[in-house]
Structures are given as structure tokens and as C-alpha cells.
Amino acid sequence: MSENIRISEIFGPTIQGEGALIGRPTVFVRTGGCDYRCSWCDTLHAVDSEYRDEWTAMSAKDIMSKVEDLSGGKPLTITLSGGNPAIQPFDTLIQLGHEKGYEFAMETQGSVSKDWFSKLDVLILSPKPPSSGMDTDWIDFYQCLKKAGFEKSNGPDILLKFVIFDKEDYLYAKDASSRYPYLPVFLQPGNHQVDGDADQEGLMQKMRWLIDLTVKDQWYEVTILPQLHVMIWGNEKGV
Ligand code: SF4
């Protein structure tokens, strides 16, 4: 019997609001618990143990049933999110979903690696820059790449995504990307106001600043994107 997975929320279909799959319909499976505490975390309800009572231990079979209900039984991409979804045992869910034609994308900071990473369809590694207050362990990060099978090229598509709040974050992203020049890179301005109404004008200014900085720096290999869901729904959860 497979282990239960700690779930914070399952919702959708909606669109993926950021990164390489931006705009694509998806169902989110958000897990509870994270080994990080980023200063600007926008999903504290899936991180802080204060919310533990709202999390549910679910079997892979029950999660799959819920996703099928939501998607009307039509396969689509399931986004594994958190918290840090890498902490959870996702092997069985991925197998069940693949048997039914669903695909799996997961975003994680790259601090915890698991064998089942190689079964994903898309792995988004999003190491956290200095403004988060967290340190990156590049050995752990490399283990994530190894578990995803990047050396054999038979694993998931692997992408790098960076949230940028300031110049120091930008320099961190540039340095980190130079370690893995074969991985596509996505930059997005950070949301500095995660409670209440989103500061849409402030986010647009940050977006213009980031584009300006990147093109002046002639860093042409990146894709710069806003958080589409914040532009549409602000800081509303579960959309
Ligand atoms: S890694 Fe992600 S989920 Fe965890 S604290 Fe940081 S921003 Fe929040």
C-alpha cells in the first residue's frame, strides 16, 4: 500500500499562472509542509504548521479521483505544488495518472530530491534568491537534477525559474543559470504584497525594471514573464 500524501488543497481546472506552462489549463494539487520559510512566501497556508489542521492525508487513489472529478475525466496536466511537494511520496499518483493519460509538472526549490522525479513530465526547479532569506545548497540541488535523470536525457523537461525582487536576486539568478547553461531560464518579478489586494501598478513597474535590466545586460537567453494569475485574480487563493 502506498503512503498517504499531505494535501493542502486541490483545485481547478484553472490556468498555470507562471513559468514555461503559463496559460495552460491545469489542476493544482497543493501539498502541505515546506522545509523552507521564504520571507515573501505567498502560500503560507501550505507551509506554516499553524494551518496543519486544514491539511488532509489522502491516498494517491483518492487524489486521482478528485482530479478526475474536477477535470471531467479528461486528461490534462496536473501541477504538483506546495509547500515543497518534493517532500511527499508521489510515485503512485504519477503512475495512476499516467495510466489515465494525465501529465505531471512539479515546481520545487531543489532542496529535497526523490527517485520519482524521473517519472515527471516537467520539473521546474526554482532556487530561492537572497531576498527570500534562504541559502541554496547546490549539492542538494544537483541531486535533484540527477534524480530527474538529466544526464541520460530520458527524464522530464527541466526548467529553471527565478523570482526576482532586487538586483541581488538578479545576480544570483545569473550566476545560478551559468552553472546549468543547458537549462531554459524563466524570470518573474516577485510579488511584494501577498496579503489583501495585489499592488498591480507596483508589479508592472517591477516587470518593466526587470526587462530593462535584463536587456541592457544582454542576457538574451531568458524568458521574462509576469504572474498571470495575479494580474487576473490578484492575491485570491484557489483560482
Ligand atoms: S519554498 Fe516556496 S512554499 Fe516553501 S516557503 Fe519558500 S516560497 Fe513558500
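Now for a look at the structure at hand. Just so you know, these numbers come straight off a predicted model, no measurement behind them. (Residues numbered from 1 in each chain as written. Predicted model: local features only at pLDDT ≥ 70, side-chain atom pairs only at ≥ 80, totals over all residues.)

What follows covers the overall build of the protein chain. Scanning the protein chain from terminus to terminus reveals six helices and nine strands. For a compact globule of 239 residues, the expected C-alpha radius of gyration is about 18 Å, and the protein chain comes in at 17 Å, within 12% of that figure. With respect to the three principal axes, the spread of C-alpha positions in the protein chain is 55 × 45 × 35 Å. Restricting the contact set of the protein chain to residue pairs at least 6 apart, pairs at least 24 apart contribute 72%. (Helix = DSSP H or I, 4+ residues; strand = E, 2+ residues; numbered from the N terminus. Rg over C-alpha atoms; globule rule 2.2 N^0.38 Å. Contact = placed C-beta atoms within 7 Å.)

What follows is about the nonpolar core. Counting 43 residues, the largest nonpolar core has V29, I63, F104 and L123 as its most contacted members. Residues within four places of L123 in sequence aside, it is in contact with M106, F117, A148, P156 and I158. (Core = buried A, V, L, I, M, F, W, Y, C linked by C-beta atoms within 7 Å. Buried ≥ 20, exposed ≤ 12 C-beta atoms within 10 Å, placed from the backbone.)

Here we come to the sheet that holds strand β4 (residues 77-81). The sheet built from nine strands is open, its strands ordered β3-β1-β2-β4-β5-β6-β7-β8-β9 with mixed pairing. In this open sheet, the two strands that pair with only one neighbour each are β3 (56-58) and β9 (222-224). Strand-to-strand twist in this sheet, taken as the mean axis angle between neighbours without regard to direction, amounts to 30°. With four bridges joining them, strand β6 (residues 122-125) and strand β7 (residues 157-164) adopt parallel strand pairing. By the bridge assignment for β7, L123 is matched with I158. (Pairing = 2+ DSSP bridges. Axes fitted to C-alpha atoms, helices over the stretch in contact; angles between N-to-C directions.)

Moving on, we come to the site of the ligand. The full set of residues close to the ligand is C34, Y36, R37, C38, C41, T43, V47, G82, G83, N84, Q109 and K128. Among the residues making up the shell around the ligand, the classes are represented as five nonpolar, five polar and two charged. (Near = placed C-beta within 6 Å. Nonpolar A, V, L, I, M, F, W, Y, C, P; charged D, E, K, R; others polar.)

Here we take up the pairing of β6. Bridge count between strand β5 (residues 103-108) and β6: four bridges; the pairing is parallel. Bridging across to β6, M106 finds its partner in L123. As for the winding sense of the linkage, the β-α-β connection from β6 through helix α3 (residues 138-147) to β7 is right-handed. (Right-handed = clockwise from strand over helix to strand, strands pointing away.)

The next point concerns the environment of C34. In this fold, C34 is placed in the loop between β2 (25-31) and β3. Sequence separation of C34 and D199 is 165 residues, and the distance between their C-alpha atoms is 26 Å.

Since one α-helical turn is 3.6 residues long, residues separated by three or four positions face the same way. Given a rise of 1.5 Å per residue, 17 residues ought to cover 24 Å, and the 24 Å separating the end C-alpha atoms of helix α5 (residues 200-216) matches this to within 8%. Listing the buried residues of α5 in full gives L203, K206 and L210. The arc that holds the buried residues of α5, viewed along the axis, is 60°, so those residues lie on one side. In this structure, α5 carries E201, Q205, R208, D212, V215 and K216 as exposed residues pointing more than 90 degrees from its buried face. Looking at the buried positions of α5, the neighbouring elements they touch are β7, β8 (185-189), β9 and α6 (228-233). Q218 occupies a position one or two residues after α5 and carries a positive phi of about 55°. (Expected span 1.5 Å × (residues − 1). Arc of directions from axis to C-beta.)

It is worth spelling out unusual backbone geometry at this point. Residue P13 is reached from G12 by a cis peptide bond, and omega for that bond is -5°. Positionally, P13 belongs in strand β1 (residues 5-15). At the junction of G82 and G83, the peptide bond is cis and its omega measures out at 15° in the coordinates. Here G83 shows up in the loop between β4 and α2 (91-99).

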